[in-house]
Each structure stands twice: as structure tokens, then as C-alpha cells.
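Spelled out, the chains give:
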Amino acid sequence: MLVIPKLSKDKFACKRCPDCCFFKKEEEMPLIFYWEKEELEKIAEERGLKLSFKNFLVVETPQEEFVYIYRWIINGKCPFLNGVDCMIHNRKPLSCRMFPLVVEIPKNRVYLSLRCRWVREHIRELSPADLPYVFEEIEIAAKVIGMVNDFLRIAKENSWKIRTETT
Ligand code: SF4
Ligand code: SF4
């Protein structure tokens, strides 16, 4: 019998469990840009929902203080989860789009979340070098890192103070 060697690792294939849309610990909850917060609040208002956010990356300029990144506080099930479907799939934030990759901000390191069922089942076979091949989501993570880096560069050039507010 001809045995064809396995040439590559399995690509990530979401199992639609959906474990990633349930939250317990605050540090696991999505980080979202301020314009994503505005979009989520608009969607929530259309649906009569109330969402909760906490400041995460705060910027102080000589004129004002503003929040660049928020933590979306979701205790338990995401209000936009319906069965196994995300009701806002086309409008969901980047942190949901890149999952199970997570960008640690502001360090801009990418890690794999063990909250993902597929990741838990495949973690033993994966090495950091596999990530770009296995996860198409790496492009979204790279986009987020680029945006955060650009913002931090602008903040530095303008001597703005940056702080993270974590619990
Ligand atoms: S927005 Fe959608 S993908 Fe993101 S946590 Fe909620 S239900 Fe899940
Ligand atoms: S936990 Fe992982 S496998 Fe399950 S729905 Fe989320 S991304 Fe897909």
C-alpha cells in the first residue's frame, strides 16, 4: 500500500463550539479599539442591548485624555451569540476575527488561546513557526499590531503619556 506522508500540519478549522464566546476572567475578554466600541454600541442600541466596557489603553495629551483601546466586559455568554452563531459576524471586532490568536497589547506579542477547543486539541502538534501556515487569522493579528505600533509611534513623537488600566 502506498503511504503518502503528511506534508503539512492541519490548518485551523473552527469547530463552532463556541467556547470562545463565553467569558469568565476579565483578562480573557476582548480588547477593542475605540471605533469598534462605537460600532458595538450602535448595534447594541439597535437591538435594545446594553454593553459594558472598561478603559484599557489611555492616552494623555496636553489638551485631553482619551481612551484608545477598551476592554469589552462580557460576563458569561456574549449577548451577540445566538446558539452557535455570532449575530454580528460581519461587524464583529478584530479581536473576535483573529481568535484563537490573541495580541497582547501594548507588548504586541501574539499568542494562542487555550480557550479555543481546536487549539486545545492540537496544541501538542503546534510550534510557533507553524502559526503563519496554520492560522489565516495571523493577517488580522498583524494588522492590529501595525495599528498599535503606529499609534504608539505617534504618541511617542508627540510626547503623549500612555497608560494601561488593568484590574
Ligand atoms: S461578537 Fe460574536 S464572535 Fe465575538 S464574542 Fe460575541 S458572539 Fe462571539
Ligand atoms: S473556541 Fe475555537 S473552535 Fe470553538 S468556536 Fe471559538 S474559535 Fe471556533
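This is a predicted model, so every value here is computed, not measured.

1. Quick word on the overall build of the protein
Move 1: In terms of helices and strands, the protein carries 5 helices and 10 strands.
Move 2: Structurally, the protein occupies a C-alpha span of about 75 × 40 × 25 Å along its principal axes.
Move 3: Here the analysis covers contacts within the protein between residues at least 6 apart in sequence; of these, 68% occur between residues at least 24 apart.

2. Thoughts on the nonpolar core
Move 1: I32, I69, F99 and L101 are the most contacted members of the largest nonpolar core, which has 30 residues in total.
Move 2: For this core, the secondary-structure elements that each account for two or more residues are β2 (31-33), β3 (52-60), β4 (65-73), α2 (94-98), β8 (101-104) and α5 (138-157).
Move 3: Of all the elements, β4 adds the most residues to this core, at 4 residues.
Move 4: Those residues in contact with I69 that sit more than four places away from it in its chain are L31, I32, F33, F56, L57 and I105.

3. Topic: unusual backbone geometry
Move 1: P100 follows F99 through a cis peptide bond whose omega is 15°.
Move 2: At the junction of I105 and P106, the peptide bond is cis and its omega measures out at 5° in the coordinates.
Move 3: Relative to the helices and strands, P106 resides in the loop between β8 and β9 (109-112).
Move 4: In this model, R16 sits at a positive phi of 50°, which is unusual for a non-glycine residue.
Move 5: Mapped onto the fold, R16 is located in the segment before β1 (22-23).

4. Examining the site of ligand 2
Move 1: Every residue near ligand 2 is listed here: C14, K15, R16, C17, P18, D19, C20, F99, P100, C116, R117 and W118.
Move 2: Broken down by class, the residue content of the shell around ligand 2 amounts to 8 nonpolar, no polar and 4 charged.

5. Some remarks on the pairing of β4
Move 1: Sheet analysis places β2 next to β4, joined by 3 bridges and oriented antiparallel. Note on β4: the bridge partner recorded for F33 is I69.
Move 2: Bridge count for β3 against β4 is 8 bridges, and the pairing is antiparallel. Among the inter-strand pairings, K54 is bridged to a residue of β4, identified as R71.
Move 3: Linking β3 to β4, which pair antiparallel, is a turn of 4 residues.

6. Brief notes about α5
Move 1: Look at α5: 28 Å from first C-alpha to last across 20 residues, which is about the 28 Å you get at 1.5 Å a residue.
Move 2: Restricting attention to buried positions, one finds in α5 the residues A141, V144 and V148. The buried residues of α5 all sit within an arc of 65° when viewed along its axis, so they share a single face. Of the residues in α5, the exposed ones pointing more than 90 degrees away from the buried face are G146, N149, D150, R153, I154 and E157.
Move 3: Packed against the buried residues of α5 are α2, β8 and β9.

Definitions and limits used
- Residues numbered from 1 in each chain as written.
- Chains lettered and ligands numbered in written order.
- Predicted model: local features only at pLDDT ≥ 70, side-chain atom pairs only at ≥ 80, totals over all residues.
- Helix = DSSP H or I, 4+ residues; strand = E, 2+ residues; numbered from the N terminus.
- Contact = placed C-beta atoms within 7 Å.
- Core = buried A, V, L, I, M, F, W, Y, C linked by C-beta atoms within 7 Å.
- Buried ≥ 20, exposed ≤ 12 C-beta atoms within 10 Å, placed from the backbone.
- Near = placed C-beta within 6 Å.
- Nonpolar A, V, L, I, M, F, W, Y, C, P; charged D, E, K, R; others polar.
- Pairing = 2+ DSSP bridges.
- Expected span 1.5 Å × (residues − 1).
- Arc of directions from axis to C-beta.

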